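Structural description and commentary
One letter stands for each residue in the lines below.
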Amino acid sequence: MGRRRTLVSALGFAAAWALFSRPEAAETVQPLMFQEFWRRVVERNPGLRAAEYALDAAEDRSEQAGARPNPEIEWEAEGFGGEGE
């Protein structure tokens with residue numbers, strides 16, 4: 001899963017670099033932190049957003065598959081209400 005996420009990130013970075021590296025945009029673009037940059041790239045590219053959701057879902061399923069089941073308690077009593085013997 002790490003390789004796919006890296007590939008998606010690299011492709012997104014390359015696409016964003018091509019979008020934001022136009023000479024006319026260089027004068028108006030402020031420096032961005034990578035997290036903000038990546039958020040904007042994913043926000044503007046529905047395919048990357050879908051790929052990220054698919055990766056997150058797959059990671060969650062694998063985590064859930066390794067979890068232990070919820071404990072169950074079973075109790076049985078005879079004559080609990082006081083009737084009988």
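Described in the following lines is the structure provided in the data block.

The rules behind the values
- Residues numbered from 1 in each chain as written.
- Predicted model: local features only at pLDDT ≥ 70, side-chain atom pairs only at ≥ 80, totals over all residues.
- Heavy atoms only, no water.
- Salt bridge = Lys/Arg side-chain N within 4 Å of Asp/Glu carboxyl O.
- Helix = DSSP H or I, 4+ residues; strand = E, 2+ residues; numbered from the N terminus.
- Buried < 20%, exposed > 50% of the residue type's maximum accessible area, 1.4 Å probe, protein only.
- Expected span 1.5 Å × (residues − 1).
- Arc of directions from axis to C-beta.
- Polar contact = N/O pair within 3.5 Å; in protein donor to acceptor, adjacent residues only side chain to side chain.
- Contact = heavy atoms within 4.5 Å.

**Here's the deal with the pattern of salt bridges**
Inspection of every chain in the model, using the stated rule, returns three salt bridges. With a closest N to O distance of 2.6 Å, glutamate 36 and arginine 39 form a salt bridge. Taken as a pair, glutamate 36 and arginine 39 lie in helix α3 (residues 34-44) at a separation of three residues, close to a single helical turn. Here glutamate 36 falls in the partly exposed class, since its relative accessible area comes to 25%. Of the charged contacts in the structure, one is a salt bridge between glutamate 36 and arginine 40, with a shortest N-O distance of 3.0 Å. With a gap of four residues between them, glutamate 36 and arginine 40 both fall in helix α3, about one helical turn apart. Via salt bridges that share partners, Glu36, Arg39, Arg40 and Glu43 belong to a single interconnected network.

**Describing helix α4 (residues 46-65)**
Between its first and last C-alpha atoms α4 spans 28 Å; for 20 residues at 1.5 Å apiece the expected length is 28 Å, and the two agree. Every buried residue of α4 is accounted for by Leu48, Leu55 and Ala58. Take α4 and look down its axis: the buried residues cluster within an arc of 85°, on one side only. For α4, the exposed residues set more than 90 degrees away from the buried face come down to Pro46, Tyr53, Asp60, Arg61 and Gln64. Its side-chain oxygen placed 3.0 Å from the backbone nitrogen of glycine 47, asparagine 45 serves as the N-cap of α4.

**Some remarks on the environment of leucine 55**
With respect to the element layout, leucine 55 can be found in helix α4. Between the alpha carbons of leucine 55 and arginine 5 there is a distance of 7.2 Å; along the sequence they are 50 residues apart. With residues up to four places along the chain from it excluded, the contact list for leucine 55 reads Arg4, Arg5 and Val8.

What is shown is where atoms sit, not what they do.
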